Amino acid sequence: MANGVWVVLQHREGQLPRISFEAIAAAQKLAAQLGGKAEAVLLGAGVGLAAAEVAKFDLAAVHVADDPALRVYTPGAYIGALAPAIQAAAPAFVVFPHTYQTVDYMARLAQGIGAGLLPEVTGFESGADGLVWARPVMGGKLQSKVRVKGEGTVLVSVQSGAFPADSAARGEAAVKPLAVDLSGVKPDREVLGYEEVGGDTVDLTKAEIIVAVGRGVGGADKMAPVEALAKALGAEIGASRPVIDNGWLPRDRQIGSSGQTVAPKLYVAAGISGAIQHLVGMKGSSVIVAINKDPGAPIFTIADYGIVGDLHEVLPALTEAVRAAKG
């Protein structure tokens with residue numbers, strides 16, 4: 001009988017991205033539903049500092065597989081370490097951050113151990129017959145509700161922004177070796193190196209405040225009020241797809257199903273109607289402020305605060321208020 005919840009964390013040279021902490025928050029919430037505490041798993045070589053950082057969260061334990069074969073990610077080595085450990089412990093769920101890396105090996109891992117696979121989850125709730133999971137389909141145009149059938153372990157990946165990192169509970173967990181023989185773990189790829197794509201691009205997933213703009217701004221030459229508010233708030237600027245398609249902002253500023261998924265502490269949506277493709281990329285934000293001339297715009301359905309008005313009139317007033325508040 002499967003029991004417990006594991007969360008497998010992603011890192012790069014010992015540095016944990018925010019989505020790993022979001023995965024911890026998701027695993028903690030899931031474990032609480034099942035009446036227990038989640039356990040973290042960290043693979044790598046020389047990851048003691050990262051393990052100590054993870055141990056500050058409210059987890060039952062942090063299991064570390066530390067071996068030279070795991071120094072850089074390869075699917076064969078990761079599966080070689082995880083498969084026997086999961087089969088031996090038989091957790092009910094193993095949570096992963098939904099990234100290009102986990103997409104690369106999760107399905108192969110699930111097939112190898114006979115586990116269920118539930119990718120890109122955005123939420124879950126208790127139902128009459130067990131947990132009901134939400135996940136996007138058709139490129140984020142629709143949200144599906146699914147229930148897992150059968151017995152055994154299920155591998156779950158959680159979408160960036162769906163479980164805010166700052167909701168992860170703090171505590172003190174014991175760090176221990178992952179109970180698996182690593183002598184047979186071998187990389188199945190030769191990693192020649194890493195190349196940063198677009199060194200000047202912006203990683204909006206790290207921003208605590210975002211001012212996002214939509215078609216309502218009217219053009220690239222009308223961005224001044226958006227830029228002024230972003231500067232006053234110390235925010236990054238994001239955009240919906242029409243702004244990017246029109247060339248008003250570069251592609252790395254796009255938020256939504258075909259762009260970045262973000263979960264800042266404050267998200268100001270100016271002139272954004274709120275198409276589902278955009279909402280899936282920002283609905284995990286802690287506080288959402290929407291500004292739109294149309295009182296029936298869908299963005300208002302998820303906003304914590306809504307202002308009906310022309311962004312070219314509202315944003316300058318907000319900017320002055322922010323500057324006054326900061327003195």
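Structure's up top.
Residues numbered from 1 in each chain as written. Predicted model: local features only at pLDDT ≥ 70, side-chain atom pairs only at ≥ 80, totals over all residues. Heavy atoms only, no water.

Undergrad: Could you give an account of unusual backbone geometry, with specific residues and numbers?
TA: For E13, which is not glycine, the phi dihedral falls at a positive 55°. Residue E13 is classed as exposed on the basis of its relative accessible area, which comes to 72%. Phi at E120 is positive, roughly 55°, even though this residue is not glycine. With respect to the element layout, E120 can be found in strand β5 (residues 116–121). (Buried < 20%, exposed > 50% of the residue type's maximum accessible area, 1.4 Å probe, protein only. Helix = DSSP H or I, 4+ residues; strand = E, 2+ residues; numbered from the N terminus.)

Undergrad: Break down the sheet that holds strand β11 (residues 209–213) for me, with residues and values.
TA: If you trace the five strands from one edge of the open sheet to the other, you get β12-β11-β13-β14-β15, paired in parallel fashion. Among the strands making up the open sheet, the edge pair consists of β12 (236–239) and β15 (305–308). Averaged over all adjacent pairs, the angle separating strand axes in this sheet is 20°, with direction ignored. Here four bridges tie strand β14 (residues 287–292) to β15, and the two strands are oriented parallel to one another. Counterpart to V289 in the pairing with β15 is Y305. Sitting on the sheet, helix α5 (residues 224–233) touches β11, β12 and β13 (266–270), and the angle it makes with β11 is about 175°. Packing against the sheet, helix α8 (residues 311–326) makes contact with β13, β14 and β15, and its axis sits at approximately 135° to β14. (Pairing = 2+ DSSP bridges. Axes fitted to C-alpha atoms, helices over the stretch in contact; angles between N-to-C directions. Contact = heavy atoms within 4.5 Å.)

Undergrad: Got a sec to walk through the pattern of salt bridges? Specific residues and values, please.
TA: Summed over the entire model, instances satisfying the criterion amount to 10 salt bridges. Several salt bridges converge on common partners, so that one network encompasses R241, D245 and R251. (Salt bridge = Lys/Arg side-chain N within 4 Å of Asp/Glu carboxyl O.)

Undergrad: Residue-level account of the pairing of strand β2 (residues 39–44), with values.
TA: On any regular strand, side chains alternate: one points to one face of the sheet, the next to the other face. Across the six residues of β2, five count as buried, placing the element largely inside the fold. For strand β1 (residues 5–8) and β2, the ladder comprises three bridges, and the chain directions are parallel. Each residue of the ladder has a partner; that of V7, found in β2, is A40. Crossover handedness for the path β1 to helix α1 (residues 18–34) to β2: right-handed. Relative to strand β3 (residues 61–66), β2 runs parallel, the two sharing six bridges. Its bridge partner lying in β3, V41 is registered against H63. Between β2 and its parallel partner β3, the chain crosses via helix α2 (residues 48–54), and the hand of that crossover is right-handed. (Right-handed = clockwise from strand over helix to strand, strands pointing away.)

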